[in-house]
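Survey of secondary and tertiary structure
Spelled out, the chains give:
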Amino acid sequence: MDVSKMNKYHAPVHFSSFPHLTITLCGIGLLLIAYFTVAQVTATKASRSLVKDVTVATLASFFLGFGSLFLLLWVGIYV
Amino acid sequence: MKAFSVLGLISLLGLVSSWKIANLDRSIDIASQVVKVSTLYTFENDGTSAEKQVKIAFSQEEADHLSFIAATIEGNKGKLKISKVAAKNANFVEYAIDLASPITTGHQIKIRVNSRFSHALTPLPAKIQQSESQFVVYQGSAYAPAAYQVATQKTTIKTAQGGKTLSATNIVPTKQETERVIYGPYANIAAFESKEIRVHYENNFPFVVATLVERTIEVSHWGNVAVEEYIELVHQGAELEGSFSRIDYQMDRRGRNQPALQHFTTILPSTARDIYYRDEIGNISTSAVRIRAQSVDVEIRPRFPLFGGWKTSYVIGYNVPTEEFLYNSGNQYALKMKLFDHVFDNIVVDKLVTKVVLPEHVKKVKISTPYAVNRKPDELRPTYLDTIGRLVIVVEKENVVTDHSQFFTVSYEFEFNDLIREPLLASFFFLALFGVVIIYGRFDFTIVEDPEREAEERHQELLEKLANFVEQKQSAYAVLSAGKQHLTNSRNQINNKLGEEVEQVKKLISAAAAEKASELAKYDKNVFDLVDNYLKAVEKSTSKTGGADEQQFVQKIADARARADAILSGI
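All of these numbers come straight from a predicted model, not from anything done at the bench.

Thresholds, definitions, all that
Residues numbered from 1 in each chain as written. Chains lettered and ligands numbered in written order. Predicted model: local features only at pLDDT ≥ 70, side-chain atom pairs only at ≥ 80, totals over all residues. Helix = DSSP H or I, 4+ residues; strand = E, 2+ residues; numbered from the N terminus. Rg over C-alpha atoms; globule rule 2.2 N^0.38 Å. Buried ≥ 20, exposed ≤ 12 C-beta atoms within 10 Å, placed from the backbone. Contact = placed C-beta atoms within 7 Å. Domains from an automatic or database assignment. Pairing = 2+ DSSP bridges. Nonpolar A, V, L, I, M, F, W, Y, C, P; charged D, E, K, R; others polar. Axes fitted to C-alpha atoms, helices over the stretch in contact; angles between N-to-C directions. Expected span 1.5 Å × (residues − 1). Core = buried A, V, L, I, M, F, W, Y, C linked by C-beta atoms within 7 Å. UniProt positions renumbered as here; feature names shortened; annotations may be inferred. Left-handed = near helix turned anticlockwise from the far one by under 90°.

The next subject is the overall build of chain A. Counting its secondary structure elements, chain A contains two helices and one strand. Computed over C-alpha atoms, the radius of gyration of chain A comes to 19 Å, more than 25% over the 12 Å expected from 2.2 N^0.38 for 79 residues, which places it beyond the range of a compact globule. Considered along the principal axes of its C-alpha atoms, chain A spans approximately 65 × 25 × 15 Å. Sorting the 79 residues of chain A into buried and exposed places 32% on the buried side. Put simply, 82% of the contacts in chain A that link residues at least 6 apart link residues at least 24 apart.

Across its full length, chain B holds eight helices and 30 strands. Relative to the compact-globule value of 25 Å for 571 residues, chain B shows a C-alpha radius of gyration of 47 Å, a clear excess of over 25%. Put simply, chain B has 571 residues, and 26% of those count as buried. Contacts in chain B between residues far apart in sequence, at least 24 positions, make up 75% of those at least 6 positions apart.

We now examine the domain arrangement of chain B. Residue and element names in this part refer to chain B. Each assigned domain of chain B is listed here: domain 1 (16–202), domain 2 (208–418) and domain 3 (452–570). When each unit is reduced to the centre of its C-alpha atoms, the spacing between domain 1 and domain 2 is 32 Å. Breaking the side of domain 1 that touches domain 2 down by element, the ones donating at least two residues are β4 (66–73) and β9 (127–128).

This brings us to the pairing of strand β1 (residues 19–29) of chain B. Within a regular strand, the side chains alternate between the two sheet faces. Residue and element names in this part refer to chain B. As defined by bridge partners, β1 adjoins strand β2 (residues 35–45) across ten bridges and the pair is classed as antiparallel. For S27, the partnering residue across the bridge sits in β2 and is S38. Joining the antiparallel neighbours β1 and β2 is a turn of five residues. Sheet analysis places β1 next to strand β11 (residues 150–158), joined by eight bridges and oriented parallel. Of the residues in β11, the one forming a bridge with D25 is K154.

At the junction of the two partners, chain B supplies 35 residues and chain A supplies 35 residues. Going through the elements one at a time, β17 (224–235), α4 (322–325), β24 (326–329), β25 (332–338), α5 (416–441) and α6 (451–508) of chain B are the ones with two or more residues in the side of chain B that touches chain A. For the side of chain B that touches chain A, the element with the most residues is α5 of chain B, which contributes eleven residues. Looking at the side of chain B that touches chain A residue by residue, the classes come out as 16 nonpolar, eleven polar and eight charged. Pairing analysis gives two bridges linking strand β1 (residues 7–8) of chain A to β24 of chain B, with the strands arranged antiparallel. Bridging across to β24 of chain B, N7 of chain A finds its partner in N328 of chain B.

Residue and element names in this part refer to chain B. Taken together, seven strands build an open sheet; the order of strands is β20-β23-β17-β16-β26-β29-β28 and the sheet is mixed. For this open sheet the edge positions go to β20 (273–279) and β28 (374–381), each flanked by a neighbour on one side alone. Across this sheet, the average inter-strand angle for adjacent strands is 15 degrees, counted without regard to direction. Pairing geometry for strand β16 (residues 208–220) and β17, over twelve bridges, is antiparallel. If you follow R215 over to β17, its bridge partner there is E229.

Before going further, it helps to examine the environment of L424 of chain B. Residue and element names in this part refer to chain B. When you line up the elements, L424 lands in helix α5. The class for L424 is partly exposed, based on 17 C-beta atoms found within 10 Å. Sequence separation between L424 and L385 is 39 residues, and the spatial gap between their C-alpha atoms is 9.6 Å.

Between its first and last C-alpha, α6 of chain B extends 85 Å over 58 residues, near the 86 Å set by a 1.5 Å rise per residue. Burial of α6 of chain B is sparse: only zero of the 58 residues sit out of reach of the surface.

With that settled, the discussion passes to the nonpolar core. With 65 residues, the main nonpolar core has V35 and A146 of chain B as its most contacted residues. Both domain 1 (16–202) and domain 2 (208–418) of chain B contribute no fewer than three residues apiece to this core. Setting aside residues no more than four positions away along its own chain, V35 of chain B makes contact with I28, I30, F117, A120 and L121 of chain B. Within the second largest apolar cluster, 23 residues are counted, among which are Y9 of chain A together with I217, F325 and L326 of chain B.

Bringing the sheet that holds strand β10 (residues 135–141) of chain B into the picture now. All names here are of chain B. Strand order across the open sheet formed by four strands is β8-β10-β15-β12, with antiparallel pairing between neighbours. Whereas interior strands pair on both sides, the edge strands pair on one side only; in this sheet they are β8 (121–123) and β12 (165–168). Taking the axes of each pair of neighbouring strands and ignoring which way they run, one obtains an average angle of 20 degrees across the sheet. The pairing of β12 with strand β15 (residues 196–202) spans three bridges and is antiparallel. Opposite S167, over in β15, you have H200 as the bridge partner.

Next up on the list: the environment of S510 of chain B. Along the polypeptide, S510 of chain B turns up in the loop between α6 and α7 (511–540). For the pair S510 of chain B and V209 of chain B, spaced 301 residues apart in sequence, the C-alpha separation works out to 114 Å.

Right, let's talk about the UniProt feature "coiled-coil region" (unreviewed entry) in chain B for a bit. On the UniProt side, "coiled-coil region" (unreviewed entry) is annotated at positions that read residues 452–515 of chain B here. For residues 452–515 of chain B, the end-to-end C-alpha separation is 77 Å, with 97% helix and 0% strand making up the annotated structure.

To continue, consider unusual backbone geometry. Residues and elements named next belong to chain B. Here L124 and P125 are connected by a cis peptide whose omega angle stands at 0 degrees. With respect to the element layout, P125 can be found in the loop between β8 and β9. Backbone torsion omega between G184 and P185 reads 5 degrees, so that peptide bond is classified as cis. Tracing the backbone shows P185 in strand β14 (residues 180–189). At N399, a position not held by glycine, the phi torsion is positive, near 55 degrees. Positionally, N399 belongs in strand β29 (residues 390–401).

The next subject is helix α1 (residues 18–42) of chain A. A rise of 1.5 Å per residue sets the reference length of α1 of chain A, with its 25 residues, at 36 Å; its end C-alpha atoms lie 36 Å apart and thus fit the reference within 8%. Of the residues making up α1 of chain A, those classed as buried are F18, T22, L25, G29, L32, I33 and F36 of chain A. Of the surrounding secondary structure, the elements contacted by the buried residues of α1 of chain A are α2 (50–75) of chain A together with α5 of chain B.

All names here are of chain A. In the numbering used here, UniProt assigns the feature "transmembrane region" (unreviewed entry) to residues 20–42 and 54–77. Split by type, residues 20–42 is 100% helix and 0% strand. Its first and last C-alpha atoms lie 33 Å apart. Helix makes up 92% of residues 54–77 and strand 0%. Its end C-alpha atoms lie 31 Å apart.

This part is about the packing of α2 of chain A against α5 of chain B. For any two helices packed against each other, the geometry comes down to the angle between their axes and how far apart the axes lie. It is the contact of α2 of chain A with α5 of chain B, at a shortest axis distance of 7 Å, that shows an interaxial angle of 145 degrees. In this structure, α2 of chain A crosses over α5 of chain B, and the sense of that crossing is right-handed. Along its contact with α2 of chain A, which presents D53, V54, A57, T58, A60, S61, F62, L64, G65, F66, S68 and L69 of chain A, the element α5 of chain B presents E422, P423, L424, A426, S427, F430, L431, F434 and I438 of chain B.

Structure (structure tokens):
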């Protein structure tokens, strides 16, 4: 295909919103980590709930994954 | 008949040329380290049929240094196709230029050929002291090399500005002016004739050659194209003899005209940002960035001036947004960038290596370059958030000059899924960490089992659950009593209002209607009592949901409501 017929490529996220995304996503992720840690430390053998742990872990890792990607992009490591 | 067929055979073999050169005007610029030759040929078709191809020639010595060549029809911008062909004379190299349209017998065409030669000037003396100027020798031919007979020709050699010309070979007629030597005009010179000339002149341009330029272009679909260049420079002019004195250098009256590289300007694209520059031990040189309308200029002053024989190496890099260089249509992408970009004016690059780092999992990669390059085997480069590594396309080119700064295109296919895979990879990494913690928390590392403690824990757990239930019940009561309070308050308010309204009705309509209306309050009292009773019943027994009681209650409420409606409609 000819280049002249193609459109200019714009990134899915503009680089000016990297800082906001990083702080928001990583912030939520860290709060979830804190909740997860407290739950792990205080739980007794009888009170552990696998469903609750996995739900919190999945949510936290989703936020942290995207948050750390935008952190990389923000500091100039263009992955 | 026989002679005729021989003639035909000769013309078939191309031994009899059908062209002649009516006029040839050559100008040779030797003011810098690059020999820039611009020749205007006036070809005339002297044959019997229309021709589509003309040939130009270079001497063997010239051809060894030839770096760049381009041909255009004079006054026209479009480039003509030019290709090397077998030469008829061993001392010459021939190039064929394809004309856009055939030229008929007797017609002329003007073609301008621009050629660049590197490493064609020899310093003489080969070693100079710091205070001396650099002199170089240009060797060439007074007659322009040509594949056909040349009717008239003239050569103008432009030497460096403000420099002396020590000697120039005299081939009559020769005119020596300031900064210029003119050979010719010469009439009727046969094809493949040459007459050696030597011009010995002052040229204080620092002959700084980049022995290696490694240009890396890294494409990120998150909106960035990162460019980094590793450059090795060597001053290949007259070598510095004796010691170097910084004081003499600072006090030199020649100022910028010393044959040393003091500073240079690199021109970057106008959208360049995050520019960095460093050499082996960091950036301790002076550099400045100036933003112009069409470009970003980086002025670099290396930590020491580059004298003859000295060398340095450095890295320069910057980011540009994808908008300017990356194009897309569906899953088709095309990167259009310069294969070689500006380092400084009149640079000679011995070896250019351009690497294009594409995102992971690209398919159907195609590269198209404006001139022939050596495509090396593809490489894989694993970097951040990669699984198998990114595809690196490597192209090489030797003997590059400024004119090679042209655009090339790399087209490829890329899926959006592969872009979103990167953050998901990071997410899975974190999930794995959480998984380890979850599993670890479920292991029991106690050496001796302690049933008492376990029982205690279970007891504690149950107590906690009980406390939770009690808490819930209390809050339910709180909601209930708050609701009742609200009910009483609003009822009183509404009753008061109802009384007022009834008074109004009495005044405005009739006493009979008002009496009927006041019956509403009666039914309301019934309903209120019912609700009150129900609440009391509920409060009395929390265990009993009171199925029958509740139904009765709902029924009575509905009855009261129907009666109230009947009264309202009766009024």
